Amino acid sequence: MNLVKLAWRNLLRNKRRTAITLVSIASGCAFALFVIALMDGIHKKTIEDAARMLAGQITVEHPAYRDAPGPALFVPSVGAMQAVASKIPEIESVKPLVAGQGMVASAAGSVGVAFLGVDPAIEGDVSPLARHMVRGRFLVPADADARGVVVGTKLAARMHVDLGNKVVLTTTDVHGEVVEELLRIVGIFSLGSDALDGGLVEMPLAVSRRVIGLTDDEATQVGFLLGDPDSEEQVIAQVRAMVAGQPVTVYSWATLLPALASWEASGTRGHHVICGVVIFLASFTILNTILMSVLERKREFAMLLALGTSPARLRAQVFIESVLLGVAGCAAGLALGAAGALAAARHGIDLRDSVKDGAAPTVGNLAVSLQLRPILTLGDVVFVGSLVLILTMVIAIYPTLRSTRIHVANTLRAN
Amino acid sequence: MSPWRLAWRNLQRNRGRTGISVLALAVSTTLLVVFHGMVYGLDDLVSRGAVNLGVGEVEVHAKAYGLDQSIYATLPTADAIVERARSRGIDAARRALGGGLLSSGEKSSGVRIWGVDPAAERALGKLPSHLKAGSYLPDTNGNRVVLGSELARILGAKVGDRLALIVQAMDASTSTEMMTVDGVLESAGEQIDGTVAIIDRRDFDALFGTDGKVHEVALSSHFQLPEEQVVAVAKSVAGDAADVQTWRAVLPAVANVVDITRSSAGLFSFVFFAAAGLGLLNTMLMAATERIREYGILKALGATPWRILTDVAREAFLLGSLSACAGGAVGLAAVFALESHGIDLSKFGKLSLSGVGFESVWRAHASADGVLVPVLGMLLVTVAASLYPALKAARLEPVKAIAHV
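The numbering scheme is per chain: residues are counted from 1 as the chain's sequence reads. Lettering of chains starts at A and numbering of ligands starts at 1, both following the order in which they are written. Where local features are concerned, this predicted model is filtered to residues with pLDDT of at least 70; where side-chain atom pairs are given and counted, the filter is 80 or more; whole-chain, interface and lining totals use all residues. Each side-chain value is derived from all of the structure's non-hydrogen atoms; neither hydrogens nor water enter the calculation.

**Examining the overall build of chain B**
When helices and strands are counted, chain B shows 14 helices and 14 strands. All radius of gyration figures rest on C-alpha atoms, and the globule criterion is 2.2 Å times the number of residues raised to 0.38. Its C-alpha radius of gyration of 31 Å places chain B more than 25% over the 22 Å reference for a compact globule of 405 residues. Seen through its principal axes, chain B has C-alpha atoms that stretch 100 × 45 × 30 Å. The cut-offs for exposure are 20% and 50% of the maximum accessible area for each residue type, with area from a 1.4 Å probe on protein chains only; residues under the lower value are buried, those over the upper are exposed, and the others partly exposed. Relative to its 405 residues, chain B shows a buried fraction of 55%. Considering only residue pairs separated by 6 or more positions, chain B has 78% of its internal contacts joining residues 24 or more positions apart. His is not counted, nor are the chain ends, whereas Lys and Arg count as positive and Asp and Glu as negative. Just so you know, the charge point we use is NZ for Lys, CZ for Arg, CG for Asp and CD for Glu. The distance from the centre of the 38 positive side-chain charges to the centre of the 39 negative ones in chain B is 14 Å. Strands here are runs of E lasting at least two residues and helices are runs of H or I lasting at least four, both read from the DSSP assignment and numbered beginning at the N terminus. Contacts: residue pairs with any heavy atoms within 4.5 Å of one another.

**Regarding empty space enclosed by the protein**
Using a probe with the size of a water molecule, rolled over the atoms, empty space left in the structure can be pinpointed. All names here are of chain B. In the cavity and pocket records, a cavity denotes points on a 1 Å grid over the protein atoms alone where a 1.4 Å probe fits but cannot get out, a pocket denotes an open set with protein on both sides within 12 Å along at least 5 of 7 lines, and lining residues are residues with an atom within 4 Å of a point. Grid points are joined across faces, edges and corners, and a volume is the space filled by probe spheres set on the points. Under the criterion given, the structure shown has seven cavities of 30 Å³ or more. Computed from the structure, the largest cavity encloses a volume of approximately 180 Å³. Lining the largest cavity are 16 residues, and of these Leu11, Arg17, Met284, Ala287 and Glu315 sit closest to its centre. For the lining of the largest cavity, a count of residues per class yields nine nonpolar, four polar and three charged. Asp, Glu, Lys and Arg are counted as charged, while Ala, Val, Leu, Ile, Met, Phe, Trp, Tyr, Cys and Pro are counted as nonpolar; the rest, among them Gly, fall into the polar class.

**Some thoughts on unusual backbone geometry**
Note: most peptide bonds trans; most residues except glycine with negative phi. Here the phi dihedral of histidine 160 of chain A falls at roughly 55°; this positive angle occurs in a residue that is not glycine. Relative to the helices and strands, histidine 160 of chain A resides in the loop between helix 6 (153-159) and strand 6 (166-172). Unlike most non-glycine residues, asparagine 143 of chain B shows phi in positive territory, near 55°. Among the secondary structure elements, asparagine 143 of chain B is positioned in the loop between strand 4 (131-134) and strand 5 (144-147). Using a relative accessible area of 23% as the deciding quantity, one classes asparagine 143 of chain B as partly exposed.

**Quick notes on the pattern of salt bridges**
Salt bridge, as used here, is a side-chain nitrogen of Lys or Arg placed within 4 Å of a carboxyl oxygen of Asp or Glu. Applying the stated criterion across every chain, the model contains 26 salt bridges over all chains. For arginine 297 of chain A, the salt bridge is made with glutamate 321 of chain A, and the minimal N-O distance between the two is 3.1 Å. With arginine 297 of chain A in the loop between helix 11 (258-296) and helix 12 (298-306) and glutamate 321 of chain A in helix 13 (residues 311-347), this residue pair connects regions lying 24 residues apart in the sequence. For glutamate 321 of chain A, a relative accessible area of 1% corresponds to the buried category. Where aspartate 117 of chain B meets arginine 201 of chain B, a salt bridge forms, and the shortest distance between an N and an O atom there is 2.7 Å. Of this pair, aspartate 117 of chain B sits in the loop between strand 3 (107-116) and helix 4 (118-124) while arginine 201 of chain B sits in helix 7 (residues 201-208); the two residues are 84 residues apart in sequence, bridging distant segments of the chain. Both residues of the pair, aspartate 117 of chain B and arginine 201 of chain B, belong to the buried class. Residues joined in a network through salt bridges with shared partners are Glu59, Arg95, Glu121 and Glu216 of chain B.

**Concerning the interface of chain A and chain B**
If you look at the interface, chain A gives 69 residues, while chain B gives 59 residues. Summed over both partners, the interface of chain A with chain B comes to about 5,200 Å²; 65% of that surface belongs to carbon and sulfur atoms. Joining chain A to chain B, the criterion identifies zero salt bridges. Definition of a polar contact: a pair of N or O atoms within 3.5 Å, with one able to donate and the other able to accept a hydrogen when the atoms are protein atoms, and with sequence-neighbouring residues admitted only if both atoms are side-chain atoms. At the surface where chain A touches chain B, the tally comes to four residue pairs in polar contact (both at pLDDT 80 or more). Only helix 2 (15-53), strand 2 (91-106), strand 3 (109-118), helix 6, strand 6, helix 11 and strand 12 (362-363) of chain A provide two or more residues apiece to the side of chain A that touches chain B. Summed over both partners, the accessible area (1.4 Å probe) lost when two parts come together is defined as the buried area.

**Remarks on the domain arrangement of chain B**
Taken domain by domain, chain B consists of domain 1 (3-51 + 254-402) and domain 2 (58-220). The gap between the C-alpha centroids of domain 1 of chain B and domain 2 of chain B is 51 Å. Here the bounds of each domain stem from an automatic or database domain assignment.

**Some remarks on the packing of helix 2 (residues 15-55) of chain B against helix 13 (residues 368-395) of chain B**
Residues and elements named next belong to chain B. For helices, the axis comes from a line fit to the C-alpha atoms of the stretch in contact; other axes are also lines fit to C-alpha atoms, and the angle between any two N-to-C directions lies between 0 and 180 degrees. Packing of helix 2 against helix 13 brings their axes to within 8 Å, and their N-to-C directions diverge by 150°. Helix-helix and strand crossings are classified by hand; for helix 2 and helix 13 the assignment is right-handed. For the pair helix 2 and helix 13, contact is made by Leu25, Ser28, Thr29, Leu32, Val33, His36 and Tyr40 and by Asp369, Gly370, Val371, Val373, Pro374, Val375, Met378 and Thr382, respectively. Its residues assigned to classes, the contact of helix 2 with helix 13 shows nine nonpolar, five polar and one charged. For any helix crossing, the convention is left-handed if the near helix is rotated counterclockwise from the far helix by under a right angle, and right-handed if that rotation is clockwise.

**Here we look at the nonpolar core**
Residues and elements named next belong to chain A. In this description, a nonpolar core means a group of buried Ala, Val, Leu, Ile, Met, Phe, Trp, Tyr and Cys residues linked to one another through side-chain atoms lying within 4.5 Å. Counting residues in hydrophobic clusters, the biggest one holds 98 residues, and the most contacted among them are Leu129, Val150, Leu260 and Val384. When residues in this core are grouped by element, the largest group, 17 residues, is from helix 11. Not counting residues up to four positions away in its chain, the partners in contact with valine 384 are Cys29, Ala32, Leu33, Ile36, Ile279 and Leu334. Met81, Val113, Val161 and Ala219 belong to the second-largest nonpolar core, a separate cluster that totals 46 residues.

**A closer look at the confidence of the model for chain B**
Confidence in the prediction of chain B, expressed as mean pLDDT, is 83, and 97% of residues score 70 or more. The ipTM assigned to the predicted complex is 0.72, against a pTM of 0.79. Confidence scores per residue from the predictor, reported as pLDDT, run from 0 to 100.

**Considering the packing of helix 2 of chain A against helix 13 of chain A**
All names here are of chain A. The interhelical angle for the contact between helix 2 and helix 13, taken along N-to-C directions, is 40°, at an axis separation of 7 Å. In this view, helix 2 runs oblique relative to helix 13, as classed from their interaxial angle. In terms of crossing hand, the pair formed by helix 2 and helix 13 is right-handed. When the residues that make up the contact of helix 2 with helix 13 are grouped by side-chain class, the tally is 17 nonpolar, seven polar and no charged. The scheme is simple: roughly parallel for angles under 35 degrees, roughly antiparallel for over 145, roughly perpendicular for 65 to 115, oblique for anything else.

What follows is the structure, given as structure tokens:
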């Protein structure tokens with residue numbers, strides 16, 4: 001009989017013990033896989049929302065803009081960037097943006113703000129902000145002439161303004177002159193971030209260009225949105241090659257939103273460590289079980305050795321028993337964890353009501369998404385699976401060596 | 001023989017098995033203690049970040065200040081609050097707050113202006129020493145400004161540069177002053193980085209015409225007093241006319257980060273306990289099965305089911321205490337080591353949550369419940385895991401049990 005079959009039969013000899021061990025490993029794996037997929041989902045959703053609302057996964061800027069943003073440091077040809085994007089199928093849409101800093105004033109006082117000029121025709125479809133309007137409506141193309149803008153709930157409250165009210169934006173234009181513009185509030189949003197709800201004014205691109213003095217082909221940033229965010233590395237290389245020679249620099253979202261990037265990196269690492277510990281504890285039951293079964297079967301092993309089984313063969317058998325337990329438990333656990341993650345991804349887990357005052361944690365001024373949808377990747381499955389297998393093999397070493405450390409004659413004579 | 005002694009001898013009968021169980025339990029307990037220590041450390045990291053970088057443990061505002069943050073909502077009792085707090089050994093700082101536009105050449109940015117008493121701020125928190133460049137305001141005023149790191153970047157401003165600060169004063173007139181950059185703060189989270197410009201309160205008065213009035217008092221006992229006590233001191237002076245809030249209320253999103261960490265830590269501990277419990281259940285079941293004959297004989301000799309149940313539970317208790325204590329001790333040692341050395345997070349870049357930056361060294365925090373919860377929890381799991389086999393053993397029929405092979 002071959003060793004694997006023999007090992008399997010040995011495991012089945014004590015069904016309950018095997019079952020408990022399998023349950024332990026499987027639940028450990030399932031939990032680890034689910035948590036990793038869940039965290040992945042939270043990270044990716046928050047980053048995706050940020051990219052869609054702000055400057056895309058890939059952003060083109062004037063080379064000097066990053067170090068000291070100013071209205072005079074703009075991308076000179078939006079048309080050229082759109083031409084680049086049209087040649088790369090992974091780019092879903094192009095967002096020309098005009099971003100700046102200023103002060104808005106109403107009768108009640110003035111507040112420092114960041115303003116963002118966006119194209120209402122594109123933005124309505126892609127930006128999460130358009131889905132977070134609590135009053136009024138999001139920008140429409142006609143707002144370009146009517147100077148309609150949307151502001152956050154906290155900014156509106158602080159300025160004592162409401163839908164239809166007017167505010168004055170003061171900022172500096174490309175020539176360094178202080179300029180003022182009268183704007184009318186058409187909508188109020190709530191993004192769950194104090195900084196954005198209390199300090200962002202979003203307006204039509206045309207209005208922002210007029211205020212700071214840019215032409216229709218100029219913008220402070222051009223963002224590229226990707227259909228598949230995982231294609232970023234490849235696309236960014238393509239874009240860089242295509243814009244070489246033009247006075248622009250191409251950045252990844254990770255450079256523009258370093259807080260999100262550090263959060264993702266440290267969070268992913270942290271959860272891998274915690275899940276590693278869970279898997280380690282679960283795998284430890286294998287040590288418990290196999291070592292116990294080795295000790296229990298001393299007589300049997302002595303008999304086998306007496307009958308001429310080579311120690312190597314006996315060790316191989318014990319080793320295979322533990323690895324089989326690991327593989328079976330891991331397979332069941334991965335299936336369970338994957339099923340759980342996929343089900344949760346389909347239905348979503350909504351935690352918005354479970355945080356106090358709906359105040360979601362924010363990272364880099366962006367509210368972390370509390371509508372959780374795990375994202376399961378092959379990499380996660382491979383991580384959990386290989387961790388269990390490696391741990392199982394390491395854990396199996398001691399029982400394996402121990403199995404043949406018996407004094408054959410004494411053991412057989414005992415009892 | 002006393003039942004405890006009997007249990008002890010039973011454990012020693014099969015040293016291999018006992019050894020494995022002790023090892024498994026001790027390792028789980030160690031991991032749990034370290035895990036709790038690190039989670040408490042994370043709480044500390046976030047809450048100390050919030051308290052030390054600006055907010056203080058408690059903030060007092062006029063009731064009307066609220067969401068509007070209107071410059072007219074001043075706090076008349078500020079001086080009295082500061083005096084009372086200092087008499088109780090609590091550091092306190094007055095701040096006048098307003099909005100404005102800071103501009104440098106063609107670059108400008110809306111800012112949140114803090115008019116501060118530099119000496120009081122130095123005593124209150126760590127912000128004044130959290131500098132990337134230059135220095136924090138000196139004790140004499142002179143139209144100097146300290147900028148948040150992101151604000152300095154947006155304005156392209158360096159120490160020594162002169163910037164125009166434009167504000168709307170109390171009388172609604174526009175007021176402008178040239179300010180010299182005295183220092184640039186190190187990143188302290190988005191709440192501060194991109195928007196805060198700190199100036200001397202006397203300069204603030206001149207600019208806004210506030211005439212010594214302030215909007216906020218921040219208090220900190222440097223974690224020496226419970227927050228409620230600091231709140232009580234402020235309330236005793238401010239009365240009902242003011243909002244006295246702990247940092248948790250001022251920054252609910254940060255407080256929620258702490259809560260979320262705590263509850264996910266709870267979930268993880270549950271999973272840890274369950275994983276360890278299952279392993280143990282296995283060992284206990286094996287031990288009980290192996291000894292079915294023995295139990296049968298005991299029952300035949302007149303042992304009551306209760307006696308057998310308690311015997312098994314006693315063994316589990318002994319085993320559990322031994323390993324949980326050993327694991328707890330090792331875990332505590334590891335927590336102390338992680339408390340003094342810490343884990344360097346700086347390779348992940350500047351970390352901040354909910355707008356508040358925190359230090360890049362994550363240290364464990366040793367605490368009594370961080371050790372007791374895992375140790376007692378593990379003991380409980382051990383005894384609970386032994387009950388099922390114990391019940392089985394107690395319910396055996398002597399004749400069948402003796403015949404069991």
